[in-house]
Amino acid sequence: MATTSSEITDIIRAQIERFEGRAEPVDVGTVVEVGDGIARIQGLAGCMASELLDFGHDTFGLAFNLEEDTVSAIILGEYGAIKEGAEVRTTGRVIEVPVGDELVGRVIDPLGRPLDGKGAIARKATRRVDVVAPGVITRQNVDTPVQTGIKSIDAMFPIGRGQRELIIGDRQTGKTAVAIDTIVNQKGQDLVCIYVAIGQKESSVAKIVATLEEHGAMDHTIVVIAGASDPATLQYLAPFAGCAMGEHFRDSGRDALVVYDDLTKHAWAYRQVSLLVRRPPGREAYPGDVFYLHSRLLERAARMNEDHGGGSLTALPIIETQANDISAYIPTNVISITDGQLFMEPDLFNAGFRPAINPGLSVSRVGGDAQRRAMSRVVRGMKLQLQQYRELAAFTQFGAADLDKATLGLLRRGERISEILKQPQYEPVRLDHQVAILFAANRGYMDDVPKERCAEFERDLRRFMDTQFRELGERIRTKADWNDEVENGLKRLLDEFKKAHGHAEPATAAAVGPRASAASAGSEQVR
Amino acid sequence: MALAGSAARRYAEALLEIATESGSVNVYRDALDRLRAAIGPDAIRALRDRHVPIERRRNALDAAATDEPKAVRAVLVMLLERDRIAIMPEIARAFGDLVDRREGIVHAKISTPVELEPAQRDDVVQRLERTSGKRIRATFAVDPALLGGARIQLGDRLIDTSVRAQLETMQRQLAS
């Protein structure tokens, strides 16, 4: 052992010698009512809003409502030991959580207590849970992408560092999968991820943690859990705690990503707590400030300017809708707060388009600014093509006998693009691979590849690129710009790849040759 | 000390205004205190018994409070008719609190591990009055578990200089 018992004695002795028994006057009150995680306290005349209250026995509460005669406090954690008539003291502090690199790789509760059995966490620094978001002066435009590794997102709905992109959809549409894939894709990079699970089954969270561990993603991730069995008070606090942990990285000039999974349950927890402290109910019985609850949380996601460290906090809130109803109360609230949304659709999901992102309803309001130059050039016009294809496909579903050549070409192209936007879970794609495969699909290099062989084409292309065109991939990954050199490189890559591998179906290869399309696409506009 | 329920306080405030106008605050206070002592839970149950006609209950209450000021008797009848006689003790307490607050009197509960001498008690009260700038109405208690020092609760403020509290603080600091 490094520390002997005599050393411990010395430490304790020093602490005792330094001890000053100073008695600060504190406010006291008496519990008059306790239940459902709420305590009503008489007295505490000098109590501040959101002040931390000491109930004794290491139980703390948060002053939530200051009324004429009483204070309503939400109790953090177990409240079994609190009895009517018990003494409550003010602490003069506002609630804080531990922050810092010690938390990375850990699974904790909203108060920073470890849940993963990996031992105590050294509390080096703490931050206030509920703070005001950074103002305009300290911010900067969002201009650096978060690479999610998901082709359809990186291509059509780029997410920037400091952005707030909502993931919305029914249950079982792959919302969490998008967030987890994004976290997995940050492996070995500079983005610290925080996954906040609110009101979820502990078994689902355990599965997510196991998945993250399996893919080596826990090395850069903090998981904050307020499960379904935890009191609503902790569920209410969880996203704020996760946000505070992210802010630590943001304010120290680093980049962080926080996933709130999901804010629907957070709104439920807040509704429960609010009703228990008798705040007046509003629409759908949510309290009047449920919008402010989410706006002040999401506003803390920011990209700081150079004078303020240049760090960023990106937020990926998740909202679960009921029967695709995005015009319900909480979904519209959060849609209006965020800088865009990824709308996950069950129909697409069931049709096998996964991730099931609806390209029509999804948007990223930060857009091209947060996209790498190479990517934005390659995918130009793709979203439009895809939409036209979807429309046509629905139209021609019942027999496509006499369609003109242009329509057929559009259908063929759209089909290929949809096909390569499908992506299995936990298989993020590197930027250079994304650029190459999207270039191939968008410029018509894949028009002669049968639909069933698109996945194979992509796999082989990636392998081919890694072996034969290493420098090109390196160039795309490391340099942000786009020029003829890159474009010609990509063209050469695809020409050589197609020569080496035969993915084309023999009959149509001649009819809609890649060269013909490529030539027409050479002038950038694809149609 | 925090005041009782808000309904009781409204009655108490109204009574205090009337009492101030007639300059007989202390008379009212004594009357209310007497009534609080007289109207116990049994009396309240009897007064709220709907099987007894309201006139009989009113007469009984009137007879009991015949010596009290007119306003106090009016309040009693009002409470009886509105079936709120149960808050009577709270009104009396709220009235006392309001008067104390207006006159700058604070209740202090002083606990010590050993019984204090009368001179020591006066000294403590005087010091408290000097530091708080208020008049102190003190109650003294003995609590051997404090081990040493004193624990003074002044209204809602607690000043705990007892040895027990200091040991607890030390325990927390060593544990963290």
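Residues numbered from 1 in each chain as written. Chains lettered and ligands numbered in written order. Predicted model: local features only at pLDDT ≥ 70, side-chain atom pairs only at ≥ 80, totals over all residues. Heavy atoms only, no water.

Details of unusual backbone geometry
All names here are of chain A.
Then comes step 1: A cis amide bond links aspartate 261 with the next residue in sequence, aspartate 262, at an omega value of -5°.
Then comes step 2: Tracing the sequence through the fold places aspartate 262 in the loop between strand 15 (255-261) and helix 6 (263-276).
Then comes step 3: Look at asparagine 324: it is not a glycine, yet its phi comes out positive at around 60°.
Then comes step 4: Within the secondary structure, asparagine 324 sits in the loop between strand 16 (312-320) and helix 8 (329-337).
Then comes step 5: Relative accessible area serves as the criterion here: at 28%, asparagine 324 is assigned to the partly exposed category. (Helix = DSSP H or I, 4+ residues; strand = E, 2+ residues; numbered from the N terminus. Buried < 20%, exposed > 50% of the residue type's maximum accessible area, 1.4 Å probe, protein only.)

Here's the deal with the interface of chain A and chain B
Then comes step 1: If you look at the interface, chain A gives 19 residues, while chain B gives 20 residues.
Then comes step 2: Taken together, both faces of the contact between chain A and chain B bury some 1,700 Å²; the carbon and sulfur share is 49%.
Then comes step 3: Together, A:Phe19, A:Val28 and A:Asp69 form the three largest contributors to the area buried by chain A at its contact with chain B, with a combined 30%.
Then comes step 4: For the interface between chain A and chain B, the tally reads 6 salt bridges.
Then comes step 5: Note that A:Arg89 is salt-bridged to B:Asp160, the shortest N-O span being 3.5 Å.
Then comes step 6: The residue inventory of the side of chain A that touches chain B, partitioned by class, reads 9 nonpolar, 4 polar and 6 charged.
Then comes step 7: One ladder, built from 2 bridges, connects strand 1 (residues 26-35) of chain A with strand 4 (residues 157-160) of chain B; its direction is antiparallel. In the sheet register, A:Val26 faces strand 4 of chain B, and the bridge partner there is B:Leu158. (Contact = heavy atoms within 4.5 Å. Buried area = accessible area lost by both parts, 1.4 Å probe. Salt bridge = Lys/Arg side-chain N within 4 Å of Asp/Glu carboxyl O. Nonpolar A, V, L, I, M, F, W, Y, C, P; charged D, E, K, R; others polar. Pairing = 2+ DSSP bridges.)

Side note on the pattern of salt bridges
Then comes step 1: One pass over the full model with this rule turns up 55 salt bridges over all chains.
Then comes step 2: For the salt bridge of A:Lys124 with A:Glu102, the shortest nitrogen-to-oxygen distance reads 3.4 Å. Here A:Lys124, found in the loop between strand 8 (107-108) and strand 9 (125-128), pairs with A:Glu102, found in the loop between strand 7 (96-99) and strand 8; they are 22 residues apart in sequence, far enough to count as distant.
Then comes step 3: In this structure A:Lys124 comes out as exposed when scored by relative accessible area, which is 67%.
Then comes step 4: With relative accessibility at 26%, the residue A:Glu102 sits in the partly exposed group.
Then comes step 5: Between A:Lys491 and A:Glu487 there is a salt bridge; the shortest N-O distance is 3.6 Å. With a gap of 4 residues between them, A:Lys491 and A:Glu487 both fall in helix 16 (residues 484-500), about one helical turn apart.
Then comes step 6: Residue classification places A:Glu487 among the buried positions, given a relative accessible area of 9%.
Then comes step 7: Here the salt bridges share partners, and the residues they tie into one network are A:Glu68, A:Asp69, B:Arg9, B:Arg10 and B:Glu13.

Any functional reading would require information that these geometric values do not contain.
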